[in-house]
Amino acid sequence: AGATLTLADSARRRLCSGMRSLAPAWPVLLVGLLLPPAASETSYEKGSEVVLYANKVGPFANPNEVYNYYKLPYCAPQELEYRREDLGALMKGDRATKTLYQIRFLEDVTARTLCKATLSRDDTARFKAAILDDYYFELMLDELPIWGYVGELEAKSINFARAVDNSTRYFLFTHLDFSIAYNGKAVIEVNVTADPLQRLDLSTKDSHQVDFSYSVRWIKSDVPYAERMGRYAQYSFLPQSFEIHWLSIINSFVLVLLLTGFLAIILMRVLKNDVSRYMQQADLEGEEE
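Residues numbered from 1 in each chain as written. Predicted model: local features only at pLDDT ≥ 70, side-chain atom pairs only at ≥ 80, totals over all residues. Heavy atoms only, no water.

Novice: Break down the overall build of the protein chain for me, with residues and values.
Specialist: Along the protein chain, the regular secondary structure elements total six helices and 12 strands. Going through the 289 residues of the protein chain one by one, you find that 34% of them count as buried. Here the contacts in the protein chain between residues at least 6 apart in sequence split such that 74% fall between residues at least 24 apart. (Helix = DSSP H or I, 4+ residues; strand = E, 2+ residues; numbered from the N terminus. Buried < 20%, exposed > 50% of the residue type's maximum accessible area, 1.4 Å probe, protein only. Contact = heavy atoms within 4.5 Å.)

Novice: Could you give an account of the pattern of salt bridges, naming the residues involved and the relevant values?
Specialist: Tallied over the entire structure, the rule returns 11 salt bridges. Residue Asp206 is joined to Arg121 by a salt bridge in which the shortest nitrogen-to-oxygen separation is 3.0 Å. Of this pair, Asp206 sits in the loop between β11 (199-201) and β12 (208-220) while Arg121 sits in helix α4 (residues 121-132), and the two are 85 residues apart along the sequence. By relative accessible area, Asp206 is classed as partly exposed at 41%. Asp274 is the partner of Arg277 in a salt bridge, and the nearest nitrogen-oxygen pair spans 2.3 Å. (Salt bridge = Lys/Arg side-chain N within 4 Å of Asp/Glu carboxyl O.)

Novice: Provide a residue-level description of the environment of Lys128, including the pertinent values.
Specialist: Within the secondary structure layout, Lys128 lies in helix α4. Aside from chain neighbours lying at most four places away, what touches Lys128 is Tyr170 and Leu202.

Novice: Hey, could you go over the environment of His208 for me, with residue numbers and the actual values?
Specialist: Its location among the elements puts His208 in strand β12. A relative accessible area of 3% means that His208 is categorised as buried. Along the chain, His208 and Thr118 lie 90 residues apart, while their C-alpha atoms are 5.7 Å from each other. Excluding residues that lie within four positions of it along the chain, His208 makes contacts with Ala117, Thr118, Leu119, Thr124, Leu200, Asp201 and Leu202.

Novice: Tell me about the packing of aromatic side chains, and name the residues and values.
Specialist: Evaluated as defined, the whole model comprises 12 aromatic pairs. Consider the rings of Phe105 and Trp218, whose centres lie 5.0 Å apart with planes at 70 degrees: the pair is edge-to-face. Residue Phe105 is found in the loop between β3 (97-98) and β4 (109-119), and its partner Trp218 is found in strand β12; the two are separated by 113 residues along the sequence. A relative accessible area of 10% means that Trp218 is categorised as buried. An aromatic cluster of three or more residues is present, and its members are Tyr69, Tyr70, Tyr74, Phe127 and Phe212. Its end group placed over the ring of Tyr67, Lys71 keeps NZ or CZ at 4.8 Å from the ring centre. Residue placement shows Arg199 over the ring face of Phe171; its charged tip is 3.7 Å from the ring centre. (Phe/Tyr/Trp six-rings, centres within 6.5 Å; stacked < 30°, edge-to-face > 60°. Lys NZ or Arg CZ within 6 Å of the ring centre and 35° of its normal.)

Novice: Tell me what's going on with the nonpolar core, and back it up with residues and numbers.
Specialist: With 46 residues, the main nonpolar core has Phe127, Leu172, Phe178, Ile180, Phe212 and Trp218 as its most contacted residues. Dropping the residues within four chain positions of it, Leu172 is found in contact with Leu119, Phe127, Ile131, Val150, Gly151, Gln198, Arg199, Leu200, Leu202 and Phe212. (Core = buried A, V, L, I, M, F, W, Y, C linked by side-chain atoms within 4.5 Å.)

Novice: Now, about the side chain of Asp123: what can you tell me, with residues and values included?
Specialist: The residue Asp123 is located in helix α4 in this model. Excluding anything up to four places from it in sequence, Asp123 contacts Pro73 and Thr118.

Novice: Tell me about the pairing of strand β6 (residues 144-149), residues and numbers included.
Specialist: Across a regular strand the side chains alternate sides, sitting on one face of the sheet and then on the other. Counting buried positions over the six residues of β6 gives five, a clear majority of the element. The pairing of strand β5 (residues 135-141) with β6 spans six bridges and is antiparallel. Bridging from a neighbouring strand, Tyr136 pairs with Tyr149 of β6. In this structure, the hairpin formed by β5 and β6 is closed by a connection of two residues, where Asp142 is found at a positive phi of approximately 55 degrees. (Pairing = 2+ DSSP bridges.)

Novice: With reference to specific residues and values, describe unusual backbone geometry.
Specialist: Of note in this structure, Asp134 is not a glycine but carries a positive phi near 60 degrees. Tracing the backbone shows Asp134 in the loop between α4 and β5. In the Ramachandran plot, Glu143 falls in the positive-phi region, its phi being about 65 degrees despite a non-glycine side chain. Counting through the fold element by element, Glu143 comes out in the loop between β5 and β6.

Novice: Explain the pairing of strand β10 (residues 186-194) to me, and be specific about the residues and the numbers.
Specialist: Pairing geometry for strand β9 (residues 175-183) and β10, over eight bridges, is antiparallel. Looking at the pairing, Ile180 lines up with Val190 of β10. Where β9 folds back on β10, the antiparallel hairpin that results is connected by two residues, among which Gly184 adopts a positive phi of roughly 70 degrees.

Novice: How would you sum up α4? Please name residues and give values.
Specialist: Between the first and last C-alpha of α4 there are 16 Å, a value that for 12 residues agrees with the 16 Å anticipated at 1.5 Å per step. Residues Asp123, Thr124, Phe127, Ala130 and Ile131 constitute the buried set of α4. Take α4 and look down its axis: the buried residues cluster within an arc of 125 degrees, on one side only. Exposed residues on α4 whose side chains face more than 90 degrees from its buried face are Arg121 and Leu132. Taken from the residues just after α4, Asp134 is the one with a positive phi, measuring 60 degrees. (Expected span 1.5 Å × (residues − 1). Arc of directions from axis to C-beta.)

From the geometry alone we can't say anything about function, so treat these as descriptive.
Right, dumping it as structure tokens:
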């Protein structure tokens, strides 16, 4: 009987100890999954490739509504190559995909064709809908976000003697100019602008032949690498509702943690009752012997 009690006590201690050690591990595990890995400085040699990733597109007025960049019929590689992201980036809707842009460190590009494409009726309709909804795009270069607009909308009203011509024109930006600041062997800042002289009027017909192109300019900067994110802390391309989106995500995870804690407490109580009943049965069997 004494041996039976000793084994039961040992099992109960191990079970309770395991439940106690497991409970604090849940918050640590979730925090570890949410936090992105620490970013380290990337050094480039002259002529080395600087990969440009396409991240997402969406309406400017609603940053919570985001889609994959290639939802719009831009020039895409034959096989999409996705960059591995942490859980926090995936929760924001990030899905970085390698693009066809060829950017090399300290090598300027005056004008280079990205691709020549034929826009079908459906492709034209998708671009027009994106321009109408004021879509923006987000690219990533050396972990730095780049924002720009898909196109622009122009409405004109011409009043003739007996008629009024109210028409809306949809212009798609086909040329992007990248301005990249560097300090030593590191990328410090990236900006992109659309050339207003190189745009395609989608209002003229249903299908179009389009040449997507780009240019790259490298500019020396005195800003150290450690301070390159200061610009993004002071300026945000997206509206402040994006912060509300993050707040809702944090609230959701806090709720999950609380529910997990409640379930752990209930489970420990149930197991404790089961162990107590097992111990009582062991005591009765020992007394009978």
